[in-house]
Structures are given as structure tokens and as C-alpha cells.
Amino acid sequence: MKDLESKNVEYCAYITEHKNNVIKACNKYGDAICNILEIPKKDLEAKCLIHDESKYSEEEFAPYRDYFYPIGDGKPTEAAKEKMNCGWLHHQNVNPHHPEYWVLADNYLGSPYIQSLPMTNIAIAEMLCDWIAMGMKFNSNPYAWFISKKKYYLHIMNSETFKKVEDITTTLWKDDHK
């Protein structure tokens, strides 16, 4: 039980660090991002204050903890991997700052299709703050992240969203490419 408690503490510390980094990102780059996207900075600040609250939910907390902070040999079990997939899907489906939130899968008139809807500007801004925060942790920046995942985002993002994100990350971070 002590191992589980220590893993809870470790994971909570990670969530807190990430949320704090999202707020730092908003403080540092929020004006530039909001000016480009033409949104009020106070709206982005409000989003960043509640960023990733779903990670404390029943659907996400234990799956994330067991996957990223496994007890034992340090490797997640197959069961933990399956639960993590469900936790990650939940996270994407309740957090508009993830592009996957904006993907519509439907069986329209008996023919399955997938359509990427345009992300709102506030969701794009929060996503960029999220990417900056991850970069603080893993020594990268949003441009480097976007370039490394460009093929994926080309398929998952609406073309309008993709263009906005490409333009913003290039404008603000290309010169800092790591």
C-alpha cells in the first residue's frame, strides 16, 4: 500500500508541475498567442487555470498513474496499457485543447466517415500553452513538437486549424528550434 501511496504522490506532483508550467507558458507567450488568434488573454488565463483537471478524474487518474508510475519493475503491465488507452481517450474527449477532441467519427447514412472539425482559437491557444509546458519538461518547443508530429497532425487536424498552428509555431518558435 505504501508503494501505491508514493506513486499517487509522484503522479500528483507531476500533474501540479505540468499545470504550473501551462500557467508559466501562458504568462510568457499568452500575449503573442492571443494577439495572433485575436482572443482575449483573460480567456486563455481562465482556461490555463483549469487545464487538465480531468487527470484527477476516476477515468484518468489510476490509468495514468499505473502506466507512467508503475509499481514493481518499472514497466506497465498489459492491463495498465489497456486502461491507459481508455484514460487517454477520455482525456482527449473531454479536453478541447487536444485536436482529437475535434474529430467526428460517424456512421452517416450507413457509410462510416471521419471528419476533422476546426478547433476554436481558445482551444488552439491552450494547446500551444500545453505544448510549451511539455517542452519545459522535455527540453523542446512547440515548433519542434509540431514538426516531429506534422504527418499525424496533417491527418488529425482540420486544414484550417493545421495552417493556423503551423503559422503560429513557425512565427513564434522556429528560430528556437531544437
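Residues numbered from 1 in each chain as written. Predicted model: local features only at pLDDT ≥ 70, side-chain atom pairs only at ≥ 80, totals over all residues. Heavy atoms only, no water.

Quick word on the packing of aromatic side chains
Phase 1 of the analysis: Under the defined criterion, the tally for this structure stands at 13 aromatic pairs.
Phase 2 of the analysis: With a centroid separation of 5.3 Å and 35° between ring planes, the pair formed by Trp131 and Tyr153 is classed as tilted. With Trp131 in helix α5 (residues 121-138) and Tyr153 in helix α7 (residues 150-156), this pair connects stretches of sequence that are 22 residues apart.
Phase 3 of the analysis: Residue Tyr153 is classed as buried on the basis of its relative accessible area of 6%.
Phase 4 of the analysis: Ring geometry for Phe146 versus Tyr153: centroids 6.1 Å apart, planes at 10°, classification stacked.
Phase 5 of the analysis: Among the residues examined, Phe146 registers a relative accessible area of 0% and is labelled buried.
Phase 6 of the analysis: Each member of the aromatic cluster is reached from another via a ring pair, and the members are Tyr11, Tyr14, Phe61, Tyr64, Tyr67, Phe68 and Tyr69. (Phe/Tyr/Trp six-rings, centres within 6.5 Å; stacked < 30°, edge-to-face > 60°. Helix = DSSP H or I, 4+ residues; strand = E, 2+ residues; numbered from the N terminus. Buried < 20%, exposed > 50% of the residue type's maximum accessible area, 1.4 Å probe, protein only.)

Details of the confidence of the model for the protein
Phase 1 of the analysis: Chain-level statistics for the protein give a pLDDT mean of 93 and a share of 96% at 70 or above.
Phase 2 of the analysis: Taking the mean pLDDT of every element in the protein, the minimum, 82, falls on strand β2 (residues 111-116) and the maximum, 98, on helix α2 (residues 41-49). (pLDDT = per-residue confidence, 0-100.)

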